[in-house]
Amino acid sequence: MSSIGTGYDLSNSVFSPDGRNFQVEYASKAVENGSTSIAIKCKDGVVFALEKIVTSKLLVPGANQRIQTVDKHIGVVYSGLVPDGRHMVSRGRSEAYNWRSTYKQAIPVDSFADRLGSYTQAYTLYNSVRPFGIATILGGVDEDGPHLFMIEPSGSFWGYHGAAAGKGRQTAKNELEKLDLPNISARDAVNEAARIIYLAHEDTKDKEFELEISWVSASETGGKHQHISAEHLAEAKKFAEQATSDEDDMEE
Amino acid sequence: MEQSPINWGRPRDDIYGHYSDAISQAPNTHSLPKKHTQQPTVTGSSVIGIKFDKGVIVAADTLASYGSLARFDNMDRLTQVGDSTIVGIGGDVSDMQYVQRLLEELEIEENYDNSGDQSLHSENIFNYLSKVYYNRRSKMDPLWNAVLVGGVDSKDEPFLSHVDLLGVTFSSPALATGFGAYLALPLLRQLVPYPDSYKNVTEADARAMVEKCMKVLFYRDARSIDKYDVATITKGNVKIEKDIKCKDQNWRFAEDIRGYGRTTS
């Protein structure tokens, strides 16, 4: 960020004279430094993947899952400040629940994105709060098929074929663009997601990381969002390691 | 003092004149007191269930009656909850739908941080339901149902239990609610007379008996229909077959029923 706030960056909800909200831009900075998360929209579902930097050897492997289920058919992952993300997930769960108790049916994914988008946006409006330091990636399968959205700290959101946030987003986006989305199968998408996370991790190779993958697919999970099995994850890792080492060989 | 239950405790109208509600800002005392459900309205009839060596079969017809009127002929009364449980509900249909929503909510919340692993077993779902029903009867506002919970428990053993509007619970290798308790249960018990008998019953035998029971229920229960759903739960597998018709019906016996067949007097 080239310009300095010159006082207009101290309070949320205050515009600078050239029409910017600096607090929101700083929140985006927090997202850019977060660990990489991606999602791929495939033929009949959505696959989520996350690079989780191992901050301590004492952490239990596989614990502290960060891709979370919000309703049967919707998953959420985020990059940025983890506690902000946890809060967003909990808000998402109550939105999905409220929809069910009002309409007696599952919330459509676009309505869900709309609800969380409005919620995120509300946190740019008041000087008593700060914006969310996360980009929220949410996706799921409803009556109209698979959907994938990403919400930025400003509250704006778009639908995507493939979404990436966090440190490795640029690498990830380049790789996502090469895929044939959304015509890829869910199983292929899991492998590609693993490969992309491994690739996006190359720049911070010195740090250890854990791979987390979940999916929601009409054919593979019956329209329910769930983590892939341990065997499936091992398979995806193998594919990713193989693919990334092949790429290294080609460069040499 | 007024002794009638509606105005109990008020000054008597014939002595003191009509009581003014405005004095106490009391709600209108002349309307009837608040009443909870005292009878079901739209109802489903029997649910039957039987254990066999590897699992459980639960069946219920698809009729929802409004009094004696066959109001809806396509009501699904068997609900899958989790990966290994079927809940079959008889009695009030609106209460059934309420309970189905409770169970769906339970399932969603249970899966929030428990992705992929199966944690809701039949006995957990049954325990939850028994508490819901007992709690409501204790508020004198019962959910007007009789429920069978069938499935495979956490030890992979067949599970079958009953809970009703009073919160009464019991288990048996063969169970039936409503008219089924009189018409179907004796037939089912031919297969499983003792608690462990189900270990010698094959799925095919249990299935044949369930089909026989549903036919007998259609013959003799006037709130039933000859179309039913059957759920078969075995370890890691729940199979629901919908809209099965009663086969090989034989109404010869009807001729001998007074006022039904040829004998009109």
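Residues numbered from 1 in each chain as written. Chains lettered and ligands numbered in written order. Predicted model: local features only at pLDDT ≥ 70, side-chain atom pairs only at ≥ 80, totals over all residues. Heavy atoms only, no water.

Worth spelling out the cut-off: UniProt positions are given in the numbering used here, feature names are shortened, and annotations may be inferred rather than shown by experiment.
Looking at an unreviewed UniProt entry, chain B carries the name Proteasome subunit beta, with the source organism given as Yarrowia lipolytica. UniProt's Function (unreviewed entry) comment on chain B is quoted here verbatim: "Non-catalytic component of the proteasome."

An unreviewed UniProt entry annotates chain A as Proteasome subunit alpha type of Yarrowia lipolytica. Heading Subunit (unreviewed entry) of the UniProt record for chain A holds this comment: "The 26S proteasome consists of a 20S proteasome core and two 19S regulatory subunits."

### Some remarks on the nonpolar core
All names here are of chain A. Here is the rule: Only buried residues count toward a nonpolar core. Its members are Ala, Val, Leu, Ile, Met, Phe, Trp, Tyr and Cys residues joined through side-chain atoms within 4.5 Å. Relative accessibility decides the category of a residue: with a 1.4 Å probe and only protein chains considered, values under 20% of the type maximum give buried, values over 50% give exposed, and everything between is partly exposed. Numbering goes from the N terminus for both helices and strands, where a helix is a DSSP run of H or I of at least four residues and a strand is a run of E of at least two. Contacts are assigned to residue pairs that have any heavy atoms within 4.5 Å of one another.
Counting residues in each nonpolar core, the largest one holds 26 residues, and the members touching the most others are Ile 38, Ile 40, Val 47, Val 190, Leu 211 and Ile 213. Listing elements by their share of this core, those giving two or more residues are β1 (37-42), β2 (45-53), α4 (169-178), α5 (186-200), β9 (209-217) and α6 (230-251). With 8 residues, the top contributor of residues to this core is α5. Those residues within four positions of Ile 38 in sequence are excluded, and the remaining contacts are Val 47, Phe 48, Ala 49, Val 77, Ile 137, Ala 163, Ala 164, Ala 172, Ala 193, Ile 196 and Ile 197.

### Here's the deal with the pairing of strand β7 (residues 85-92) of chain B
Residues and elements named next belong to chain B. Put simply, the rule is: DSSP calls a pair of strands paired once it identifies at least 2 bridges connecting them.
Across the 8 residues of β7, 8 count as buried, placing the element largely inside the fold. Alignment of strand β1 (residues 42-44) against β7, held across 2 bridges, turns out to be antiparallel. In the sheet register, Gly 44 faces β7, and the bridge partner there is Gly 91. In terms of strand pairing, strand β6 (residues 78-81) meets β7 through 4 bridges, oriented antiparallel.

### Here we look at the sheet that holds strand β8 (residues 162-165) of chain A
What links the strands of a sheet is backbone hydrogen bonding, and the strands pair in either a parallel or an antiparallel sense. Residue and element names in this part refer to chain A. Heads up, the rule is: Think of each axis as a best-fit line through the C-alpha atoms, taken over the contacting stretch in the case of a helix, with angles from 0 to 180 degrees between the N-to-C directions.
Taken in spatial order, the 5 strands make up an open sheet running β8-β1-β2-β9-β10, and their pairing is antiparallel. Of all strands in the sheet, those with a lone pairing partner are β8 and β10 (225-227), marking the two edges. Neighbour-to-neighbour, the strand axes of this sheet turn through a mean angle of 15 degrees, independent of strand direction. Bridging between β9 and β10 involves 3 bridges; their strand directions are antiparallel. Across the sheet, residue Trp 215 finds its bridge partner in β10, namely Gln 226.

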